[in-house]
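Listed below are the residues making up each chain.
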Amino acid sequence: MDVNMQTVEVKINGQSYNMNEDMTILEACESVGIKIPTLCYLKGICEEGSCGICVVEVKKFKALRRACITKIMADMEIFTNTPSVREARRTNLELLLANHPKDCLVCSKSASCDLRKLTEDFGLKESRFEKTRAKDFEIDISSPSIVRDPNKCILCRRCVEVCSKVQKVNAICIANRGSNSTVSTSFEKGLGNVECTNCGQCVLVCPTGALTEKEYIEDVWKELAEPEKFVIVQTAPAVRASIGEEFGLPAGTLVTGRMVAALRRVGFKKVFDTQFSADLTIMEEGSELLHRLNSKGVFPMITSCSPGWIKFIEHFYPDLIGHLSSCKSPQQMFGAVAKTYYAEKLGIDPRKMVVVSIMPCTAKKFEARRPEFDSAFNYWQEKGTIKDITAFSDIDYVLTTREAAKMIKEGGIDFIHLKDEDFDAPLGMSSGAGVIFANTGGVMEAAIRTAYELVTGKSLEKLECKSIRGLDGIKTADIDIAGTTIKVAVAHGLSNARILLDEIKEGKSPYHFIEIMACPGGCIGGGGQPYNASEYSGTELRKKRASAIYKEDEGKKVRKSHENEEIKALYKEFLGKPLGEKSHKLLHTKYTKRGI
Amino acid sequence: MEKKSVLERLHETQDKEKEKNYISEQKASELLKENSDSLSHIYGVATFYTMLSVKPRGRYIIRICRNLACHLENADSVAEELKNLLGIGFGETTTDGKFTLEESSCLGMCSVAPAMMINDEPYGNLTPEKVKDIIESLKAGSKK
C-alpha cells in the first residue's frame, strides 16, 4: 500500500470500513466481498459507465451513482441492495435485453456470455420492453477471423476501447447517435476490409455474442469423417496452459498430456506440436540474425511469429517491413514441413493431408488464408509430382483454444480424467525453447539460447533470461555474445509496439533485435483463449498461464532448439541448412505494404 | 497555423461537395494524419452529427423543423406536402439527385412556425401552398 495514501471511513450496507481514498465504490465493495455487477467496466480501459448495471444508492445523493466511476469519499454511506438499486439494475438490464436476440441456446458465446449470466443471477423472467429495432443489422462476416453481429451488441464500448487503448488500432468506432448508435467499422466496410489486425482482443472482452471468432468446427468434423483424408493437428504452445480452464480446471493448470490424449480421441490421425516448428523458427531466425550481423543488414530485426503484429506493421508502418524477419510463423512452417517432408516420408498424397491448427489466436485464421502460404503446393509443382491447377494451402483450418474445447466436449471426451499421452513423432518433438514462444519475451529468450551457442560454441550456463520475462509493456536487455553486446527489446500489446516502432522511424532505436507479440502477455493472452473478461484488466490470469509455460520448459530434457534431435534430422534428411535454398522456399516469406 | 478540428474539416469537406452534399470515403481518408490517425474515428464523428452525411445527398437539403411550436402550427401538413411533391420520405433523396428531405430539431424560428431550411436559407410561416411554390421555383432552377 502507498504510504501517502489517506484512508477514509465509509459505510457499506451499514458496516463501517476504512478504505483508501482513491478507490471507486465498485473497488471498495469488492474488497469487502460484495461484487457489483457490470457489463461495460474494464479497469483502466473502459470506464465510461455506459451500461448502468453497477448503480448503488449513496446517502445524501438524490440519484443512484454508478459504482464503477464514482470515487469513495469520507463518511460515504453506500447501499448495494436496496429496492431502488435492485429495481434500477433490473430495469436497465431489461432495456438492454429489449433488442437483444433471444437465441442463447444456439449462440456460440452462450456458456460464457456475461449478459446471459447476469440475467440468470438477477432471476429475470422476462423483459417488459418490446423490441424497438425495426430492421435487423447485417452480420459482418467479411473477416476470416472474427464475426461481428451488431444485433447482439449492447453498446458497452469495451471492444472500441480495447482496440483503441490497448492496441491503438482503432479499427472500430461508435457510429451514428442515440438509439441509432452501433459499433461499426469506417464506412461500414466490415472488419475484413479495414485495418483490423484480427488480434481478437475485442472478442475476449465482449460481454455478449456480438463478437466471436469465425468457427471452423463443422469443417474439421467433416474432414475427420472422410476416410481417405489424413487429418493431422498441431497445437500451439499457449493452448496447453489454458484449455484446462474450459473444463473447469484452475487457470495455470498445465494439461499437455491430457490435451494430446483428447485430440487423439477426437479422431486426429497424428497429434503434433507447433513447438516443433517453433524450434525450427529459432534455427532459421537465429541464423538470419547472425547473417544480418555479419552482412550489416537492416537493424533492428523484428520477430514475425505473431500474425496480428504482422498485419499491424503492414497497415501502420509499411515502410518498416524490411525490419521484419523473413521467417514464417511456426504455424506456417509446420504446414509447409508437414505437407512436404512428412508427406514424403510417409508416402502420403499431400492433397489428401489436412492440417488443422489449434491456436490461442484469431489472427492465425487470417494468416492461414494468406494467398502466399501455398509453399507445399509449389514444392510439389516444381518436383513435377502434382500438376493440379488449383493450389492447396499449407494450413487447412485454424481452431481457437475455445473451438478445440468445444470439439472435445461434443466428442464426449472426459478431458479431466484422461491419462497423459505423448505427442506423435517426429513433428511432435520439441525443446523447452519452443514452449516459451507462448509468453512475451519467450521467442527472444529461445533465440538467445541458440544464438549464443551457435556463435560461441560454448554451452549457455544460465538459460533463464529474467529481464525479458514478466508483464512490463516493454522489456530490454543487453546480451553479451562473444564480446559483442546485442541489445534486445521485447514488447507485447500493439500500443507498446508503436513506441518501439516510432523509435525506429526517428532513427533512435538502439536495438539489434526486437520481439513483438500483438496480444498483452503474448500468446497466452491471445484472442482465441478461454473467455474471462472480468480478469482482463488484471495480470493474474496471464501470470498463471505464463508460469504453466515456464514449468513445461523447466521439465523438458532438451531446452534449446538446436539440440532438438528431430530438428537436426529434418535438416539432415531434407532441408540442408538454415537459410538454405529449401528453407528459403518453404520457411521464409514476404510482406505486403497495406497502409491505411 | 492552428490545427483545425476533425469536425471543422469535415464541414469544409462536405461544403466543397456542392452537388452531393456528403463526405466520401476518399475525402475522409484525406483528413488522415493531419487530423486523426484513424478513419473509424473520422467516421464516428461524421455519422454522429446530423448536419454531416456519409451518403450522397441532393443538391438541396430540405430540413423541416419537427419541434413543438412548428407541430402546433401544422408542420405535419407541410411535411406531407413536401413528401408528395418530391415523392420521397425523410432521409431519402429524389432520383434526379436534386432534393433530400430531412427532419431537424428546433431551428429557433418558433415565431415564424412552421419553419424549414433549404441548405443555409431559412423559410418561415409555411403552408402547403407556399412550399409548393418554393419547390417549383427550385426545380425550375430560378433559385440557387
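Residues numbered from 1 in each chain as written. Chains lettered and ligands numbered in written order. Predicted model: local features only at pLDDT ≥ 70, side-chain atom pairs only at ≥ 80, totals over all residues. Heavy atoms only, no water.

Caption draft 1: How the structure looks around the overall build of chain B. Along its length, chain B carries six helices and five strands. Start at the N end of chain B and walk to the C end: the helices and strands fall as α-α-α-β-α-α-β-β-β-β-α. Each principal axis of the C-alpha atoms in chain B carries an extent, and together these give about 50 × 30 × 25 Å. Taking as baseline every contact in chain B between residues at least 6 positions apart, the subset at least 24 positions apart corresponds to 59%. (Helix = DSSP H or I, 4+ residues; strand = E, 2+ residues; numbered from the N terminus. Contact = heavy atoms within 4.5 Å.)

Caption draft 2: The arrangement of the nonpolar core in detail. Residues and elements named next belong to chain A. By size, the foremost hydrophobic cluster in this structure holds 71 residues, and its most contacted members are Ile243, Phe268, Leu280, Val356, Ile408, Phe415 and Leu427. Broken down by element, this core gets its largest block of residues, eight residues, from helix H10 (residues 330–346). Here Phe268 is in contact with Val220, Leu224, Val231, Ile232, Val233, Leu263 and Val356, once residues within four sequence places are set aside. If you look at the next biggest cluster of nonpolar residues, it comprises 48 residues, including Cys159, Ile313, Tyr531 and Tyr536. (Core = buried A, V, L, I, M, F, W, Y, C linked by side-chain atoms within 4.5 Å. Buried < 20%, exposed > 50% of the residue type's maximum accessible area, 1.4 Å probe, protein only.)

Caption draft 3: Structural view of the packing of helix H2 (residues 83–98) of chain A against helix H3 (residues 114–122) of chain A. Residue and element names in this part refer to chain A. Close contact between H2 and H3 brings their axes to 11 Å; oriented N to C, the two are set at 140°. One finds that H2 runs oblique with respect to H3. Between H2 and H3 the crossing geometry is left-handed. Facing H2, whose interface residues are Arg89, Arg90, Leu93 and Leu97, H3 presents Leu115, Leu118, Thr119 and Phe122. The class makeup of the residues in the contact of H2 with H3 is five nonpolar, one polar and two charged. (Axes fitted to C-alpha atoms, helices over the stretch in contact; angles between N-to-C directions. Parallel < 35°, antiparallel > 145°, perpendicular 65-115°, else oblique. Left-handed = near helix turned anticlockwise from the far one by under 90°. Nonpolar A, V, L, I, M, F, W, Y, C, P; charged D, E, K, R; others polar.)

Caption draft 4: Seen up close, the pairing of strand S11 (residues 270–273) of chain A. Residues and elements named next belong to chain A. Bridge analysis of strand S10 (residues 230–235) against S11 gives four bridges, and the strand direction is parallel. For Gln234, the partnering residue across the bridge sits in S11 and is Phe272. For the segment spanning S10, helix H7 (residues 256–266) and S11, crossover handedness is right-handed. (Pairing = 2+ DSSP bridges. Right-handed = clockwise from strand over helix to strand, strands pointing away.)

Caption draft 5: Just the sheet that holds strand S5 (residues 77–79) of chain A, in detail. All names here are of chain A. Spatially, the five strands line up as an open sheet ordered S2-S1-S5-S3-S4, and their pairing is mixed. Either end of the sheet is taken by a strand with one partner, and the two such strands are strand S2 (15–20) and strand S4 (65–66). Pairing between strand S3 (residues 55–58) and S4: two bridges, direction antiparallel. Note that in S4 the partner of Val56 across the bridge is Arg65. On top of the sheet, H2 reaches S3 and S5; it is set at about 155° to S3, its chief contact.

Caption draft 6: Quick peek at the packing of aromatic side chains. One pass over the full model with this rule turns up 13 aromatic pairs over all chains. When the ring of Phe312 of chain A is compared with that of Phe316 of chain A, the centres are 5.0 Å apart and the planes differ by 40°; the resulting orientation is tilted. Of the two residues, Phe312 of chain A and Phe316 of chain A both sit in helix H9 (residues 307–316), four residues apart, roughly one turn of that helix. By the burial criterion, Phe312 of chain A is buried, and Phe316 of chain A matches it. Ring-pair connections join several aromatic residues into one group, and the members of that group are Trp309, Phe312, Phe316 and Tyr317 of chain A. Lying over the aromatic face of Phe48 of chain B, Arg177 of chain A brings its terminal NZ or CZ to 4.3 Å of the ring centre. Above the ring of Tyr550 of chain A, the side-chain terminus of Arg469 of chain A is found at 3.7 Å from the ring centroid. (Phe/Tyr/Trp six-rings, centres within 6.5 Å; stacked < 30°, edge-to-face > 60°. Lys NZ or Arg CZ within 6 Å of the ring centre and 35° of its normal.)

Caption draft 7: The pairing of S2 of chain A, seen in detail. All names here are of chain A. When strand S1 (residues 7–12) meets S2, the two strands line up antiparallel, connected through six bridges. Residue pairing in the sheet places Ile12 in a bridge with Gln15 of S2. Remark: two residues form the turn of the hairpin made by S1 and S2, two consecutive strands paired antiparallel; Asn13 in that turn has positive phi of roughly 50°.

Caption draft 8: Representation of the domain arrangement of chain A in the model. All names here are of chain A. Partitioning chain A into domains gives domain 1 (7–95), domain 2 (104–213) and domain 3 (218–587). Between the C-alpha centres of domain 2 and domain 3 the distance comes to 29 Å. Contacts between domain 2 and domain 3 engage 28 residues on the former and 30 residues on the latter. A per-residue breakdown of the area domain 2 buries against domain 3 is headed by Thr197, Leu204 and Glu213, which together make up 27% of the total. Between domain 2 and domain 3 we count one salt bridge in total. (Domains from an automatic or database assignment. Buried area = accessible area lost by both parts, 1.4 Å probe. Salt bridge = Lys/Arg side-chain N within 4 Å of Asp/Glu carboxyl O.)

Caption draft 9: Broad picture of the interface of chain B and chain A. Counting from both sides, the interface comprises 16 residues of chain B and, opposite them, 16 residues of chain A. Summed over both partners, the interface of chain B with chain A comes to about 1,300 Å²; 60% of that surface belongs to carbon and sulfur atoms. Along the contact surface separating chain B from chain A lie one salt bridge. Lys189 of chain A serves as the salt-bridge partner of Glu25 of chain B, at 2.8 Å between the closest nitrogen and oxygen. At the surface where chain B touches chain A, the tally comes to six residue pairs in polar contact (both at pLDDT 80 or more). (Polar contact = N/O pair within 3.5 Å; in protein donor to acceptor, adjacent residues only side chain to side chain.)

Caption draft 10: Representation of the environment of Ile479 of chain A in the model. Residues and elements named next belong to chain A. Topologically, Ile479 is positioned in strand S15 (residues 474–481). In sequence terms Ile479 and Tyr452 are 27 residues apart; their C-alpha atoms lie 9.0 Å from each other. Not counting residues up to four positions away in its chain, the partners in contact with Ile479 are Ile448, Cys465, Thr484, Thr485, Ile486 and Val488.

Caption draft 11: The pattern of salt bridges, seen in detail. In this structure the tally under the stated criterion is 55 salt bridges over all chains. Across the pair Asp349 of chain A and Arg351 of chain A runs a salt bridge whose closest N-O atoms are separated by 3.2 Å. On the basis of relative accessibility, which here comes to 37%, the residue Arg351 of chain A falls in the partly exposed class. The salt bridge partner of Glu12 of chain B is Lys4 of chain B, with a shortest N-O separation of 2.7 Å. Owing to a relative accessible area of 26%, Glu12 of chain B belongs among the partly exposed residues under this scheme. Here Lys4 of chain B falls in the partly exposed class, since its relative accessible area comes to 34%. Here the salt bridges share partners, and the residues they tie into one network are Glu445, Arg449, Glu464, Arg469, Asp553 and Arg559 of chain A.

Caption draft 12: Looking closely at H9 of chain A. Taking burial as the measure, the ten residues of H9 of chain A include ten buried ones, the bulk of the element. The complete set of buried residues in H9 of chain A reads Pro307, Gly308, Trp309, Ile310, Lys311, Phe312, Ile313, Glu314, His315 and Phe316 of chain A.

Caption draft 13: Focus on the confidence of the model for chain B. When the pLDDT values of chain B are averaged, the result is 92; 97% of them are 70 or greater. Interface confidence for the predicted complex, expressed as ipTM, amounts to 0.89; the pTM equals 0.94. (pLDDT = per-residue confidence, 0-100.)

Caption draft 14: A look at the packing of helix H6 (residues 217–224) of chain A against helix H13 (residues 401–410) of chain A. All names here are of chain A. In contact at an axis separation of 10 Å, H6 and H13 are set at 50° when each is read in the N-to-C sense. It follows from the interaxial angle that H6 and H13 lie oblique. Two packed elements cross with a definite hand, and for H6 against H13 that hand is right-handed. Judged by residue contacts, Ile217, Val220, Trp221 and Leu224 of H6 engage Glu403, Lys406, Met407 and Glu410 from H13. A class-by-class count of the residues in the contact of H6 with H13 yields five nonpolar, no polar and three charged.

Caption draft 15: Inspection of the environment of Ile141 of chain A at higher detail. All names here are of chain A. Secondary-structure assignment places Ile141 in the loop between H3 and strand S6 (146–148). Judged by its relative accessible area of 55%, Ile141 is exposed. Each residue touching Ile141, except ones within four places of it in the same chain, is listed here: Val147 and Lys214.

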